[in-house]
Structure formats: C-alpha cells, structure tokens
Amino acid sequence: MIKKNKPPTIRIIHLNEQEINKRSWLRLFFYDFETGIARQHTFRRVINLFLNELSRRIVKRTFVWGYPTAVNIESSAICNFKCSFCASGGSFGHRKGGILPYQNYCNIMDELAPYIYKVSLYNLGEPLLNKDIFRMITYAKMKKVLVCISTNGQLMGADTCRQLIESGCDHIIVSIDAATKEIHNELRPGGDFNVVIDNIRTLVKMRNDFRNQRPKITAQMVVMRKNEHQIEEFKKLGENLGVDVCCFSSFWAQDLGDSEEEKKTFELIPAHGQFTGYRKREAKVPGTCPWAWNRSIIGWDGNIIPCCFDYNATIKLGNVKKESFKSVWNGQKYRMLRRSIKTGKNQATVCRRCPIPCG
C-alpha cells in the first residue's frame, strides 16, 4: 500500500496581528509561531522576552528594556531571479547588493544570540548565493537559536539539500508563487518551475530518509492578479510534494519611491480582498509595531532598518560595523521612530504607507 502524504497545513499571512492575538499566549511562549517548533528557553531569553513585551504592551516605552526576540540578518542582497515585483530583482531597487561576510555575521550573533529565539537569514536576495550560508546556520545552531531561510529553490540541488539538513536548518520557505510552469516562469524570470519542484521533492525525500522532522518545509505563494486563480491548485501541489505548510502571503504593491517601475506593480494587486496588501491612502496609525519593538533587520552591509517593507532602506537606524546593536536599538533614531508610531505624529513614509496596520 502506498502511503499518502499528509495534507500540508494551510497558513495565510494576514495584514495585522489578529492571527497572533487569537492564539494562546501560553502556546506562543513555548512554541515558535510560524513553525510550531519548541522555543529554546534560557533564563536570559525569558527575562528578555518579558522585558520586551512589558516595554511595548504595558509601559509603552520608546526605550525598550531588552533586545529584540528575533532578528532578520540579510545573508545576501543579490538574486539570480529578475522578478519585476521585487526590489531585489526589479529595476526600482536602489540598495546596493552584496554578500554578508561570515565574520561580520559571527560578530552580530555573538552579541544577539544570548537573547533571541530565532534568526531569519534573509531579507532581500537569495541566501543560497552566500557560500557561507551553511556555516552561518551551523553557528546559530551552536548557540541554540532557531534558524529560518527563504529561497526561490532554484539552487537547491541534492548536495545543497543535504547540507541544509546536516547544518541543522529548522525552517525553509520556498517561494514558488505558482502551481504551473507557465505562471511561475512568467512571474519569476530566471527561474525554472520544473527544477524548483524537483528540488523540493529532493529536499522532502532526503529529510524523510534521514528520519528528520526538520527542516520544516513551507511552499509559499505571494497572491497576485496573475496567480490568484491557482490557490486551490497550489494547495494540491503542496500536498503532492509532501511539504509541511502551504503559505499564502498578501502582495505588497511597491510605492515608496513612486517610480514608474514601482507603479507597474499595482497591476499585480489581486482582486481577492483578503490578499490586497495595499493601503489606498496614506494614514497615520498610532499604536505599536512588532517590528519596531520586538524585531529588527540587519542588512548585509551592517545597516539596521526597521522592517522588510523598507526595501530601499529609506530609514537607516545605525550600523553594526560601527557600533554595537544595543547602542542602536535604544539610540535616538530608533526611539524617534517608536515615538512617531506611538503618537501617530511625524511618521515616515514607510510607516504611513505600511500595508500592515498595527495597534
């Protein structure tokens, strides 16, 4: 008898924090929200988590007691795809591309690892283009930090799959964005749908042969006008591949620079309202932001930016090559950013146009 694959969990990334707030806070304390993997608690991490949440939710301070609980460290800001809707592959990205040096990464982890539960080794770009990516994963695992990468899957051949498993990677997100070759190759120039699908099959089989439960494997679709009719077909594809999760993410129309190239991305906004990640008019939203209080992004060049929506790094809060992360985290620029979010006054464009209104 042929054993059928277990249907993948279906996850939808909503446009606010309601999905998290509806979950049991006790469960969120013990398990990572995205993967369900148990958190690696230590005394310092628990105290840091408590102080962090106290600063944001109770006292509502602009000075955060403690470090963030998770960070994105950009291992690569270059990509082998030329997706028109992405600042990395599209022509509207103004950030200089590059690769994070291994020693710089180690310096960052040495400071943050005692406090954070999770590191995501991506922001813009393809992590597998960094030749040290497996060493980076191993280094984080030595410090008992949960590790996630997001890849387009093109470079994930058999040897790479083996190294991802052996390095201890906890979670791999493969952005496919389509259920058929025609749509995938149109949305993702430079990619080959058949290669990506074969690579996912290899990763799933190799993980299962190793009798590992990790990495958790997520097949992701950013829902756009050209692929929204394939949502149900994508779920079936995920089940056929044997992935753990099928994730449907809202498409964010790019408009921070107001260039013609960015405006063209508005043509990709889906008709399905649940996935329309675009605020039709600028709005000042007072409240709190999980990125400004709980999380941070460190670019390949050391620059700290507030969130993934700031794809052109319009807000540079500091640089870890010049100063410690802690001095930046509660420095003047970070506190001014939090104050603007808290009061709704003097907010930067990246906040007024944020597709994820928080409160």
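Counting starts from 1 at the beginning of each chain's written sequence and moves along it residue by residue. Side-chain atom pairs in this predicted model are given and counted only at pLDDT of 80 or more, local residue features only at pLDDT of at least 70, and totals for whole chains, interfaces and linings cover all residues. Only hydrogens and water are set aside when side-chain values are computed; all heavy atoms of the structure are taken into account.

Colleague: Can you walk me through the pattern of salt bridges in this structure?
Modeller: If the charged atoms of two oppositely charged side chains come close together, the side chains can form a pair. What makes a salt bridge here is a side-chain nitrogen of Lys or Arg within 4 Å of a carboxyl oxygen of Asp or Glu, nothing more. All chains considered together, the criterion is met by 17 salt bridges. Between Lys118 and Asp32 there is a salt bridge, with the nearest N and O atoms lying 3.5 Å from each other. A residue pair is termed long-range when its members are at least 10 positions apart, and Lys118 in strand β3 (residues 118-120) and Asp32 in the loop between α2 (25-30) and α3 (43-58) qualify at 86 residues. Each residue is placed in one exposure class: buried if its accessible area under a 1.4 Å probe, protein chains only, is under 20% of its type's maximum, exposed if it is over 50%, and partly exposed if it falls in between. Judged by its relative accessible area of 5%, Lys118 is buried. For Asp32, a relative accessible area of 11% translates into the label buried. Numbering of helices and strands runs from the N terminus, with a helix taken as a DSSP run of H or I at least four residues long and a strand as a DSSP run of E at least two residues long.

Colleague: How do you make sense of unusual backbone geometry when you look at a structure like this?
Modeller: Comment: phi is negative for the bulk of residues other than glycine, and the bulk of peptide bonds are trans. Here the residue pair Arg214 and Pro215 is connected by a cis peptide bond, since its omega of 5 degrees sits within 30 degrees of zero. Considering the arrangement of structural elements, one finds Pro215 in the loop between α8 (193-209) and β6 (216-223). Residue Lys144 is not a glycine yet carries a positive backbone phi of 60 degrees. By secondary structure assignment, the location of Lys144 is in the loop between α5 (133-142) and β4 (146-151). With a phi close to 50 degrees, Ala313 is a non-glycine residue in the positive phi region. As for its position among the elements, Ala313 is in the loop between β9 (303-305) and β10 (318-319). For Ala313, a relative accessible area of 7% corresponds to the buried category.

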